[in-house]
Amino acid sequence: MLAKRHQIVFAVGILGIAVLVACNKENSTVTPAPTPTPTPLPNDAVAAVLNLPATPFNYANQPLPGYLTSPNIIGQINTPGTNPVTDNGATLGRVLFYDKNLSLNNTISCASCHKQASGFSDPVVKSNGFNGGLTGRNSMSIINAAYYPNGRFFWDQRAATLEDQTLMPIQDLVEMGMTLPALETKLKALAYYPVLFQRAFGDSTITSNRISLALSQFVRSVISYKSRYDTARSALPNAPAPPPNAPYPNFTAQENRGKEVFLTPNLGGCAACHGSETFTAPQEKNNGLDAVTTDRGFGAVTNNVNRDGEFKVTTLRNVELTAPYMHDGRFATLEEVVEHYSSGVRNHPNLSPQLRLPNGLPRQANLSAADKAALVAFLKTLTDRTMATDVRFSNPFK
Ligand code: HEC
Ligand code: HEC
């Protein structure tokens, strides 16, 4: 019985192969009759390549703790009224962020240089572009990009808005090497995009302006608020801010000391620039990396020597994961960063006043070995472990 079934199966198999061969032969010699292929349902086009939830993830209304919704923190947010974050907009942005089709030879996506596991930065000094070339500076984290009140982007702040910024790597000759018309044509040919643009913008028209809007929505949705620092801070009143030496119950003695060093002007004095609960400043600063300008930074952008050596004050949230540090990636570890502020601040003519003594000389924090270690321990309490695995910010491609 079994044997017979096998024979039948075998025979049907042979027949099938024979038919297939015949078909192939026919196809190769005769123009095939047009076979009506069923137009895939829009959802099929998306599901074929992407793992997206049926209902979009929540990007627009994340449950931020109370101390991050106070007026002075809300005032830091650089979202323009014309491009609020929506769940479908950020979903499209997420797909674009991870899509290698955004580069000329389909080898590089935004995420190639902004890796989720590395706090959305790149663990190398300079990143490789689509053709193997190197970027001019160290890759930056995109975490909490929404919180920078002057709204400018890049180390030297050459992008006036995030909406301007998001199209720049795509057209950068080292990074992704595309032109905007070529980008639009390319995305129009990918079956999943019309559906995603429709959901995000109400119709399926693909324009570079919409690409910029969606990418910006995704970037602004990457907000960190689940670190051990947040756990402690959430348990305390929103305002006024607790004093620098208020111990946090979930911190070790060393971490509490590090917090005090960070917040106290006469100790680390870090909060003078990396201030408030977002650990950033309202604007660019010169933190004394060099006595003589090596990279003009904001000075070149504004064509003003009085701004030379000024750079964006990046957030310190998740800084444990974003080594190497500074615009040129010169420091490999947080210990090296702390040593810079403790003993290595250089007297650049534009050194920011927060790092000067009343007599004008550079202010070295002169921390003890124990306080340096405590400061590093505190910086690590700002690590939000959920960011590295949060599926909302992960690669959606199958
Ligand atoms: C080849 C590597 C590379 C690729 C690809 C890349 N970036 Fe970047 N990104 C960088 C580097 C390097 C910087 C810092 C450059 C500078 O300041 O001069 C940066 C800076 C940024 C910033 C500025 C953050 C801030 O706080 O100012 C944002 C936002 C950003 N990138 C988003 C993106 C997006 C969106 C894409 C995809 C469209 C992308 N990047 C593609 C390397 C890359
Ligand atoms: C005068 C303002 C100022 C003060 C005070 C200050 N910083 Fe900074 N910080 C900056 C600026 C500006 C940068 C970016 C500089 C660059 O790359 O050229 C920076 C960068 C950093 C970075 C690297 C971030 C990254 O993503 O690469 C760390 C870490 C850091 N600071 C920690 C501290 C600590 C710890 C203190 C206190 C001991 C401190 N800062 C005090 C302005 C300041």
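Coordinates for the structure precede this section.
Residues numbered from 1 in each chain as written. Chains lettered and ligands numbered in written order. Predicted model: local features only at pLDDT ≥ 70, side-chain atom pairs only at ≥ 80, totals over all residues.

Draft legend 1. Focus on unusual backbone geometry. Put simply, Ala-239 and Pro-240 share a cis peptide bond, and its omega is -5°. Tracing the backbone through its elements, the reader meets Pro-240 in the loop between α11 (228–234) and α12 (253–263). Look at the link from Ala-323 to Pro-324: it is a cis peptide, with omega at -5°. Turning to its location among the elements, Pro-324 is positioned in the loop between α13 (298–302) and α14 (334–343). Even without a glycine there, the phi angle at Ser-276 is positive, about 50°. Summarising the element assignment, Ser-276 is placed in the loop between α12 and α13. (Helix = DSSP H or I, 4+ residues; strand = E, 2+ residues; numbered from the N terminus.)

Draft legend 2. Highlighting the site of ligand 1. Looking at ligand 1, there are 29 residues lining it, with Cys-110, Cys-113, Phe-154, Trp-155 and Pro-169 nearest. For the shell around ligand 1, the elements supplying multiple residues, two or more each, are α5 (110–113), α7 (168–171) and α10 (208–221). Considering each element in turn, the shell around ligand 1 owes the most residues, three residues, to α5. Residues that form the shell around ligand 1 fall into these classes: 16 nonpolar, nine polar and four charged. (Near = placed C-beta within 6 Å. Nonpolar A, V, L, I, M, F, W, Y, C, P; charged D, E, K, R; others polar.)

Draft legend 3. Highlighting the site of ligand 2. In the vicinity of ligand 2 lie 27 residues, with Cys-270, Cys-273, Phe-311, Met-326 and Tyr-341 positioned nearest. Examining the composition of the shell around ligand 2, we find that three residues originate from one element, α14, more than from any other. Its residues assigned to classes, the shell around ligand 2 comprises 17 nonpolar, nine polar and one charged.

Draft legend 4. A look at helix α15 (residues 369–380). Compared with an ideal rise of 1.5 Å per residue, which puts 12 residues at 16 Å, α15 spans 17 Å between its outermost C-alpha atoms and is within 8% of the ideal. Here the buried face of α15 lies against α12 and α14. (Expected span 1.5 Å × (residues − 1). Contact = placed C-beta atoms within 7 Å.)

Draft legend 5. Layout of the packing of α14 against α15. At a closest axis distance of 10 Å, the pairing of α14 and α15 adopts a crossing angle of 125°. Between α14 and α15, the angle is such that the two are oblique. With respect to the hand of their crossing, α14 and α15 are arranged in right-handed fashion. In this structure, α14 uses Leu-334, Glu-335, Val-338 and Ser-342 to contact α15, whose residues at the interface are Lys-372, Leu-375, Val-376 and Leu-379. A per-class count over the contact of α14 with α15 returns five nonpolar, one polar and two charged. (Axes fitted to C-alpha atoms, helices over the stretch in contact; angles between N-to-C directions. Parallel < 35°, antiparallel > 145°, perpendicular 65-115°, else oblique. Left-handed = near helix turned anticlockwise from the far one by under 90°.)

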